[in-house]
Amino acid sequence: MDYLLRYRELVEEIKAYTYVSNIIGWDSETEAPRNAHGLRGKMMAHISKELFLRSTSKEYIECVETLYKRKSRLDALTKREITLAKKDLDKITKIPQEEFVAYQVLLSDTQLIWEDAKHNNDFASFQPNLAKIIEFQKKFITYYGTDKEAYDVLLDDFEEGMSMKEYDRFFETLKTDLVPFVKDLLAKVKNEPTPFTTENFDVKKQEEFSQYLLDVFAFDRDSGLLKKSVHPFTWNTSPKDVRLTTRYLPDMVFSSIFATIHELGHALYEQQIDDSLTLTGLAGGASMGIHESQSRMYENIFGRSEAFWARHLPKLKKTFPKQLKNVSLEQMVKAANQVEASLIRVEADELTYPLHIMVRYDLERMLFSNQLTVEELPQKWNDLIEAYLGIRPKNDSEGVLQDVHWSAGLFGYFPTYALGSAYAAQIYHTMKQELNVDDLLRKGKIKKINEWVKKKIHRYGKSKTAGELLLLVTKEPFNPQYYVDYLKEKYTKIFLG
Ligand code: ZN
């Protein structure tokens, strides 16, 4: 039997089910009427079951295992693909089925419990389920038969090749170098006025401006589209079908602008992946960290820059003449980069954001090395927020209960958010040596930047790891110093210069 040929056929079938469930997922987030959810849930259960059965079928496992054993004879791309497939398979097949099912049920129950707990500011009602989720995860890791520490396994799940060793170094750099800088800056910018962004901005006009941004960033409209949803996201089936969403809030015009640019960073990445990878296991972005590096680079480094607004503020003023008549470029840049100590991660600015992630990293690290119990979590959360940001949550809803991730069993995920920004700064450092980025932004030649990231990063899809990409692009392994330097330079110039 030609295992590789059969493997390819099976992967294509699995992808067909993924395709269907993704299209339905997209539809449910953007278009579907409210009452569609009943039948949709029922139909989706069948699709999900079929998807699970096919991706764990005897034949599929046999193909992957056989090819994995013969991997030295495979070409480099196929070898990488099979290694990833084997890793995914191990995660499912090494766990006894009844425990896997029990865990899925637990997660599904916990969703509502967490929502209620957050709503009612009642951590105690969420605590037993959270403890059970963590116990399951620790147990699952023992099934993998690895000699790695539990939290290292989780970190590697979300960002291949990363472990506490690298993250400790990363967050230590932030603690010693960034935290004091942020404290200093926060004290100095306390009274910066930014009134114009919270006036009433017509939602239709905001939509018009987001559509304008799609063209500014040379998004290929024949291979994608923009809609609105409650939480902005990017979704795709292939480089030929990449869809992004944003949201329009009347009193927060920046919310739609920067969500659109952020998602455009994700979307351009997906559009620029080499077509030949589409039906393979190497489709999609290299890693969560690299994906986030692209969205953060477009949003924060390009989208919030003076060079960018030098070109596009006139258009924004034309769209909102009444609200923005007297706004200068300097005011615009200050407003777009406003810094504030805040309690809610998703509303945090570029500068304080990594400190929110640091809190979560510290806590997860302690939970998985048995240095912290779930019961102690809320108190420790508040202590760390206070240590890094100088403010303290008044209740658990704006503290430990704010994020959905832990209730969904996603431990090891948060650090990739901060890592993405740090990758972005390192990549940008190299980009600036090869391109006059400010000049391109000022002249509206973003295509040149897109071409650069396509050639250096996007086209490879998953065929290279994050570490390999960084080395290839920047000639250096991950180095968090670029990130701290970038932040200090930028915010000094805007607010202290
Ligand atoms: Zn993102």
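All values derive from a computational prediction rather than experimental measurement. (Residues numbered from 1 in each chain as written. Predicted model: local features only at pLDDT ≥ 70, side-chain atom pairs only at ≥ 80, totals over all residues. Heavy atoms only, no water.)

Draft legend 1. Broad picture of the environment of Thr18. In this fold, Thr18 is placed in helix H1 (residues 3-30). Remark: the alpha-carbon pair of Thr18 and Ser48, spanning 30 residues in sequence, is separated by 8.4 Å. (Helix = DSSP H or I, 4+ residues; strand = E, 2+ residues; numbered from the N terminus.)

Draft legend 2. Here's a closer look at the coordination of the zinc ion. Taken together, His262 (NE2), His266 (NE2), Glu292 (OE) and Glu292 (OE) make up the protein donors of the zinc ion, found 2.1 to 2.7 Å from the metal. One can describe the donor arrangement at the zinc ion as irregular, given that its four donor atoms subtend angles of 49 to 126° at the metal. In primary sequence terms, the donor set of the zinc ion follows H-x3-H-x25-E. Taken together, the residues span about one helical turn, with His262 and His266 both in helix H10 (residues 253-271) at a distance of four residues. In this structure, His262 and His266 share a single accessibility class: buried. (Donors = N, O, S within 2.8 Å, 3.2 Å for Na, K, Ca; no water. Tetrahedral: all angles 85-135°; square planar, octahedral: opposite > 155°, others 65-115°. Buried < 20%, exposed > 50% of the residue type's maximum accessible area, 1.4 Å probe, protein only.)

Draft legend 3. Broad picture of the packing of helix H5 (residues 97-120) against helix H6 (residues 123-143). It is the contact of H5 with H6, at a shortest axis distance of 9 Å, that shows an interaxial angle of 150°. Accordingly, the angle class assigned to the pair H5 and H6 is roughly antiparallel. In this structure, H5 crosses over H6, and the sense of that crossing is left-handed. Every residue of H6 that contacts H5 at Glu99, Phe100, Ala102, Tyr103, Leu106, Leu107, Thr110, Ile113, Trp114 and Ala117 is listed here: Ser125, Phe126, Asn129, Lys132, Ile133, Phe136, Gln137, Lys139, Phe140 and Tyr143. Residue composition of the contact of H5 with H6, by class: 13 nonpolar, four polar and three charged. (Axes fitted to C-alpha atoms, helices over the stretch in contact; angles between N-to-C directions. Parallel < 35°, antiparallel > 145°, perpendicular 65-115°, else oblique. Left-handed = near helix turned anticlockwise from the far one by under 90°. Contact = heavy atoms within 4.5 Å. Nonpolar A, V, L, I, M, F, W, Y, C, P; charged D, E, K, R; others polar.)

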